[in-house]
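Next come the chains, spelled out residue by residue.
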Amino acid sequence: MKALAMQGTRYAVGLLLGTLTAVVELLFALLGGLVLLLVLAWPRGRRAVQRPLGDIAARLAHLERRRLARFLGARISSSYGSGHAARYVVARWPLGLLGGLVIFCVLLGLLYAGYAALGWTVDDIDYPWAVAGTGLVGLFLVFLAAQSVFGLALLEGHLARRLLGPSHHDELERRIAQLATTRAGMMDAVDGERRRIERDLHDGVQQRLVALGMLLGRARRSRDPDRAAQLLLQAHEESRRALAELRDVAWRIYPTVLDEAGLRAALETVAERTPLPVHLTYEVPEPPGSRQVETVAYFVVCESVTNVVKHAGATRIAVTLRRDGPKLALRVEDDGVGGADLAGGGLTGLASRVAALDGRFRVDSPAGGPTTVTAELPCV
């Protein structure tokens, strides 16, 4: 209830500010229309007038976008021309004045209700039913006006998206281009991951298996029992190292603990296996959604932590996961030297993984540090 009241108050402030801008927009529509009417038959004059009018309309539309984002929670794209801005400004001023009328009704209803409440403090009331009726009318007016506040807030956002935002066709084209780019990025990330696994197997596990075979061959050919026993001991140690590296490669491909115990247990395992101290803050009361979301969140943390250990020269790492409404907010921060290569294969692959789920990925790594990796993943 408290959150609803705060939201209604924020909407009311936004509509009140919108009333003030609507007055300016009304003057712009009247004066701009009059000027265009005077130069309607003069092409050069019309072109000379349209440019400054378009600039004024663009500034007014920018103010409206900031108001909508700050108070009404509607974020509008800035990819519109001066023509769209002028149409929006001319079409919005009646809605803005209507918002002022609604706010006036709220204040009037509160005044009536307050007058009735004050009337009951008087000892002798000549017309008690009139006082009670005034209070009820005031409360009913407040109720209707409050409903109108929420409705107008939604209508303001819809009008701005309709006139300023991209058309349905443009939005479909943008979405298709985004999906094509994301698919290409995921293919590159998968190909890079395959090459990394091949390199790990070739440079690590394969070399140890070759060394193991050579030790066993030398032990078979040795005629000295003590020497053969020493070679077998070395072979046993080499096989242990090969198994450990094979488990590490399998863990980097996909950790089984993620399926068995969930995301938190997998991240705790990452923190335990990291040579640097890792402070994990996990504030996700329920599973974040699909298995793909958990997998991408795990790999973002795992790859970011690995990069810190290899390149950052840090002394500590902080990992934070929080549920922010319908999104999973992820943050990895270190106290290293910064200057991370944003075009590197690891970070590019993480960005592609996040983009494939319609998420957001950002790396902030100024020279001298610190480096902060943030990601937002949809949970539904």
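Structure: above.
Let us look at the structure shown here.

What counts, and where the lines are drawn
- Residues numbered from 1 in each chain as written.
- Predicted model: local features only at pLDDT ≥ 70, side-chain atom pairs only at ≥ 80, totals over all residues.
- Heavy atoms only, no water.
- Helix = DSSP H or I, 4+ residues; strand = E, 2+ residues; numbered from the N terminus.
- Areas by Shrake-Rupley, 256 points an atom, 1.4 Å probe, with all protein chains shown as cover.
- 1 Å grid on protein atoms, 1.4 Å probe; cavity = no way out; pocket = protein on both sides within 12 Å on 5 of 7 lines; lining within 4 Å.
- Points joined across faces, edges and corners; volume = space filled by probe spheres on them.
- Nonpolar A, V, L, I, M, F, W, Y, C, P; charged D, E, K, R; others polar.
- Buried < 20%, exposed > 50% of the residue type's maximum accessible area, 1.4 Å probe, protein only.
- Polar contact = N/O pair within 3.5 Å; in protein donor to acceptor, adjacent residues only side chain to side chain.
- Contact = heavy atoms within 4.5 Å.
- Expected span 1.5 Å × (residues − 1).
- Salt bridge = Lys/Arg side-chain N within 4 Å of Asp/Glu carboxyl O.
- Patch = residues over 30% accessible without salt bridge, like charges linked within 9 Å, V, L, I, M, F, W, Y side chains within 5 Å.

1. Section: the overall build of the chain
Next, step 1: In terms of helices and strands, the chain carries 10 helices and five strands.
Next, step 2: Of the accessible surface of the chain, which amounts to about 23,300 Å², a share of 62% is contributed by carbon and sulfur atoms.

2. Some thoughts on the layout of surface pockets
Next, step 1: When its volume is computed, the second largest pocket comes out at roughly 410 Å³.
Next, step 2: Together, 17 residues line the second largest pocket, and Ala5, Gly8, Thr9, Ala146 and Phe150 are the ones closest to its centre.
Next, step 3: The dominant element in the lining of the second largest pocket, judged by the number of residues it contributes, is helix α1 (residues 2-38), at seven residues.
Next, step 4: Class assignment for the residues of the lining of the second largest pocket results in 14 nonpolar, three polar and no charged.

3. Things to note about empty space enclosed by the protein
Next, step 1: The full count for this structure, using the stated rule, is one cavity of 30 Å³ or more.
Next, step 2: The volume enclosed by the largest cavity comes to roughly 40 Å³.
Next, step 3: In terms of lining, the largest cavity is formed by Leu267, Val270, Ala271, Val278, Leu280, Val301, Val305 and Val319.
Next, step 4: Ranked by residues supplied to the lining of the largest cavity, first place goes to helix α8 (residues 263-273) with three residues.
Next, step 5: When its residues are assigned to classes, the lining of the largest cavity shows eight nonpolar, no polar and no charged.

4. What to know about the side chain of Arg92
Next, step 1: Secondary-structure assignment places Arg92 in helix α3 (residues 82-119).
Next, step 2: By relative accessible area, which is 0% here, Arg92 ends up buried.
Next, step 3: Within the structure, the side chain of Arg92 is placed 3.1 Å from the side chain of Thr21, a separation counted as a polar contact.
Next, step 4: Contacts of Arg92, omitting those with residues within four sequence positions, involve Gly18, Thr21, Ala22, Glu25, Glu64, Arg67, Glu156 and Leu159.

5. Here's the deal with helix α9 (residues 291-312)
Next, step 1: Counted at 1.5 Å a residue, the expected span for α9 with its 22 residues is 32 Å, and the 30 Å between its end C-alpha atoms agrees.
Next, step 2: Looking at the residues trailing α9, positive phi occurs at Gly313, about 65 degrees.

6. What to know about the pattern of salt bridges
Next, step 1: Per the counting criterion, the structure on display carries 10 salt bridges.
Next, step 2: Here Asp335 makes a salt bridge to Arg316, at a shortest N to O gap of 4.0 Å. A residue pair is termed long-range when its members are at least 10 positions apart, and Asp335 in the loop between β3 (327-334) and α10 (345-356) and Arg316 in the loop between α9 and β2 (317-324) qualify at 19 residues.
Next, step 3: For Asp335, a relative accessible area of 29% corresponds to the partly exposed category.
Next, step 4: Salt bridges sharing partners connect three or more residues here, namely Glu25, Glu64, Arg67, Arg92 and Glu156.

7. What about a nonpolar patch on the surface?
Next, step 1: Taken together, the side chains of Val23, Leu27, Leu31 and Leu97 define a hydrophobic patch exposed on the protein surface, amounting to about 340 Å² of accessible area.
Next, step 2: Element by element, the count of residues in the nonpolar patch is highest for α1, at three residues.
Next, step 3: Along the chain, the position of Val23 falls in helix α1.

Everything listed is a geometric property; what it means functionally is a separate question.
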